[in-house]
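Fold and contact review
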Amino acid sequence: MPRLMSMSMLMIYMNCYRVIDNGADAVQLQTDLLSLTDWSSEHFMKFYTNKCKHLVMTKKKRFMHTNNLSRSQVADVSIEKDLGVHFSSTLSWNNHILS
């Protein structure tokens, strides 16, 4: 019988997004995150949850909810730099222009 090899791989970069209009949408996003957690376990890959962030971009009233990935709460941020572009929760470009 072949010997099973234990593997650990690093996922370098990934974005996950969903339009949240109501509570059902927020639940679906959490379901998607749980599916990603299951997928990463099946493929011996690990999410570094301390590097994961949750950014809500809207000009409307924010629908409050929390997200969990690999049993850890994803940190809420108001500004995030992605591929050199600063994105703001208020959809303002000021931080990007000033940096």
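This text gives an overview of the structure that appears in the document.

The alternating pattern of strand β8 (residues 85-88) places His86 and Ser88 on a buried face, while none of Val85 and Phe87, on the opposite face, is buried. Relative to β8, strand β7 (residues 79-82) runs antiparallel, the two being bridged by four bridges. Among the inter-strand pairings, lysine 81 is bridged to a residue of β8, identified as histidine 86.

A positive phi angle is found at arginine 71, which is not glycine, with a value near 65°. In this structure, arginine 71 sits in the loop between β4 (68-69) and β5 (72-73). Owing to a relative accessible area of 86%, arginine 71 belongs among the exposed residues under this scheme. Of note, the phi angle at leucine 91 is positive, near 65°, even though the residue is not glycine. Along the chain, the position of leucine 91 falls in the loop between β8 and α2 (94-98).

What follows is about the pattern of salt bridges. Throughout the structure, instances matching the rule amount to two salt bridges. As a salt-bridge pair, arginine 18 and aspartate 32 come within 2.8 Å of each other at their nearest N and O atoms. Here arginine 18 is found in the loop between β1 (9-10) and α1 (23-42), whereas its partner aspartate 32 is found in helix α1, with 14 residues between them in sequence. The exposure class assigned to aspartate 32 is partly exposed, which follows from its relative accessible area of 22%. The partner of glutamate 80 in a salt bridge is lysine 53, with the nearest N and O atoms 3.8 Å apart. Placement of the pair is glutamate 80 in strand β7 and lysine 53 in strand β3 (residues 53-55), with a sequence separation of 27 residues.

On to α1. The terminal C-alpha atoms of α1 lie 29 Å apart, and with 20 residues this matches the ideal 28 Å at 1.5 Å per residue to within 8%. Every buried residue of α1 is listed here: Asp25, Ala26, Leu29, Gln30, Leu33, Leu36, Thr37 and Ser40. Burial along α1 is one-sided: seen end-on, the buried residues are contained in an arc of 145°. Turned more than 90 degrees from where α1 packs its buried face, Ala24, Val27, Ser41 and Glu42 sit exposed. On its buried side, α1 packs onto β2 (45-46) and β4. Looking at where α1 begins, the residue whose side-chain oxygen comes 3.0 Å from the main-chain nitrogen of alanine 24 is asparagine 22. Of the residues trailing α1, phenylalanine 44 is marked for its positive phi of about 55°.

Procedures and definitions
Residues numbered from 1 in each chain as written. Predicted model: local features only at pLDDT ≥ 70, side-chain atom pairs only at ≥ 80, totals over all residues. Heavy atoms only, no water. Buried < 20%, exposed > 50% of the residue type's maximum accessible area, 1.4 Å probe, protein only. Helix = DSSP H or I, 4+ residues; strand = E, 2+ residues; numbered from the N terminus. Pairing = 2+ DSSP bridges. Salt bridge = Lys/Arg side-chain N within 4 Å of Asp/Glu carboxyl O. Expected span 1.5 Å × (residues − 1). Arc of directions from axis to C-beta. Contact = heavy atoms within 4.5 Å. Polar contact = N/O pair within 3.5 Å; in protein donor to acceptor, adjacent residues only side chain to side chain.

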